[in-house]
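Residues per chain, in single letters:
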Amino acid sequence: MSVNMLDTFIKPMHREGIKFVAIFAAVTLVLFAIEEVLGWIGVGLTIWCYYFFRDPERVTPDRPDLIVSPADGIVSLIEPAVPPAELGMPDVPLTRVSVFMSVFNCHINRAPVAGKVQAVAYRPGKFFNASLDKASADNERNSLCIRMDDGRDLAVVQIAGLVARRIVCFVKSGDGLETGERFGLIRFGSRLDVYLPEGVDPMVRIGQTMVAGETVLAELKPPVAQSTPV
């Protein structure tokens with residue numbers, strides 16, 4: 001199988017972007033009617049809008065014991081934190097890895113692990129810069145709890161940012177997900193938080209560039225066996 005060089009530059013667009021590109025294109029026609037220079041600026045913005053909603057194929061590592069990044073972007077925070085209360089998970093701090101997406105990143109969100117969606121919880125909120133620590137607690141968010149085959153839960157949270165005003169989630173409670181499968185997107189700049197299962201350490205560092213569905217975030221260790229009283 002050969003690689004088509006054109007495919008490295010031209011990516012398919014997600015259907016969520018169609019109406020936005022149409023709006024940008026319509027405005028561009030109006031700008032051309034006003035002034036040619038303004039029209040060409042509109043062309044550039046329309047191409048950017050198409051690029052923002054790009055939906056490239058990704059090659060997910062073929063290992064069930066890996067957690068992959070749910071988003072393109074930069075690791076902005078790694079710290080202990082309690083998962084969102086609305087998910088109903090234990091009130092115990094877990095390692096939270098935050099991936100910040102700029103307006104130039106691909107914004108399709110992908111499942112970090114395979115499993116069954118136990119809960120999907122949306123909570124309205126504010127729109128602070130998504131790179132700030134307080135964005136996890138104060139910003140608009142949509143949280144998922146995914147239960148893996150071994151019974152452990154992993155939380156992944158879509159967080160709106162300073163510009164983002166629309167979180168889109170494609171799945172509901174009870175749905176099954178494969179590692180790297182698309183589960184949502186956030187429009188125009190945002191952040192994804194992953195709460196790793198207890199005892200799992202991240203394999204990434206702050207400032208590292210992430211590729212959704214491909215970059216390994218952590219390696220799952222076998223769950224700790226509970227000792228049985230004699």
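Below is a short write-up of the structure. Counting restarts for each chain, with residues numbered from 1 along the sequence as it is written. Under the rules for a predicted model, residues below a pLDDT of 70 receive no local features and side-chain atom pairs below 80 are neither given nor counted, while totals for whole chains, interfaces and linings still include all residues. Only hydrogens and water are removed before side-chain values are computed, so all heavy atoms of the structure are retained for them.

Following DSSP output, two strands are said to pair if at least two bridges run between them. A run of H or I in DSSP counts as a helix once it spans at least four residues, and a run of E counts as a strand once it spans at least two, with each numbered from the N terminus. Strands sit in the order β4-β10-β8 across an open sheet of three strands; the sheet is antiparallel. For this open sheet the edge positions go to β4 (108-110) and β8 (167-169), each flanked by a neighbour on one side alone. Neighbouring strand axes in the sheet, compared pairwise and without regard to direction, differ in orientation by 25° on average. Two strands pair when backbone bridges link them, and β8 and strand β10 (residues 182-186) are joined in this way by three bridges, in the antiparallel orientation. Bridge pairing links I167 to I186 in β10. Fitted lines through C-alpha atoms give the axes, limited to the stretch in contact for helices. The angle between two N-to-C directions lies from 0 to 180 degrees.

With six of eight residues buried, strand β3 (residues 94-101) is to be regarded as a mostly interior element. As judged from the seven bridges shared by strand β2 (residues 73-81) and β3, these two strands associate in the antiparallel manner. Among the inter-strand pairings, I74 is bridged to a residue of β3, identified as F100. For every residue, the accessible area obtained with a 1.4 Å probe (protein chains only) is divided by the maximum for its type, and the residue is called buried under 20%, exposed over 50%, and partly exposed between those limits.

Moving on to a nonpolar patch on the surface. Only residues whose relative accessible area exceeds 30% and that form no salt bridge are eligible for patches; like-charged ones are grouped when within 9 Å, while nonpolar side chains (Val, Leu, Ile, Met, Phe, Trp, Tyr) are grouped when within 5 Å. Under the convention used here, a 1.4 Å probe and the Shrake-Rupley method define accessible areas, while residue burial counts only the protein chains that appear. Within this document, salt bridges are pairs made up of a side-chain nitrogen of Lys or Arg and a carboxyl oxygen of Asp or Glu, the two lying within 4 Å of each other. A grouping of V30, I34, V37, L38, I41 and L45 is seen on the molecular surface, where their side chains present a nonpolar patch of about 540 Å² in accessible area. Looking at the nonpolar patch, the elements that each hand over two or more residues are α1 (18-34) and α2 (36-52). It is α2 that contributes the most residues to the nonpolar patch, four residues altogether. Relative to the helices and strands, L45 resides in helix α2.

Next up on the list: the pattern of salt bridges. This structure, assessed with the given rule, holds twelve salt bridges. Two residues, R191 and D193, come together in a salt bridge whose shortest N-O distance is 2.9 Å. Salt bridges sharing common partners tie together E79, R96, R191 and D193.

Moving on to the environment of P84. Tracing the chain through its elements places P84 in the loop between β2 and β3. With a relative accessible area of 8%, P84 lands in the buried category. As for P84 and N142, which are separated by 58 residues in sequence, their C-alpha atoms are 9.5 Å apart. Beyond its immediate chain neighbours, meaning those up to four positions away, P84 contacts R141, S143, V157 and Y195. Two residues qualify as a contact provided that any one of their heavy atoms is within 4.5 Å of a heavy atom in the partner residue.

Here we take up α1. End to end, α1 covers 25 Å across 17 residues, agreeing with the expected 24 Å (1.5 Å per residue, within 8%). Turning to α1, the residues buried within the fold contact α2. A helix is expected to span 1.5 Å multiplied by its residue count minus one.

Now for the pairing of strand β11 (residues 190-195). With six of six residues buried, β11 is to be regarded as a mostly interior element. A two-sided burial pattern is seen for β11, the buried positions comprising S190, L192 and V194 on one face and R191, D193 and Y195 on the other. Two elements, β3 and β11, share six bridges in a ladder whose sense is antiparallel. Bridging across to β11, F100 finds its partner in R191.

This part covers the nonpolar core. Core analysis: the largest hydrophobic core is formed by 29 residues, its most contacted members being I67, V156, L177, F183, L192, L196 and L217. Those elements that place two or more of their residues in this core are β3, β6 (141-147), β7 (153-160), β10, β11 and β13 (216-219). Judged by nonpolar contacts, the second largest core, of eleven residues, contains A81, M89, A121 and V157. Residues belong to one nonpolar core when they are buried, are Ala, Val, Leu, Ile, Met, Phe, Trp, Tyr or Cys, and are joined through side-chain atoms within 4.5 Å.

One open sheet accounts for eight strands, arranged β9-β5-β6-β7-β11-β3-β2-β12; its pairing is antiparallel. Both outer strands of the open sheet, β9 (176-177) and β12 (209-210), are each paired with one neighbouring strand and no more. The pairing of β6 with β7 spans seven bridges and is antiparallel. What sits directly across from R147, in β7, is D153.

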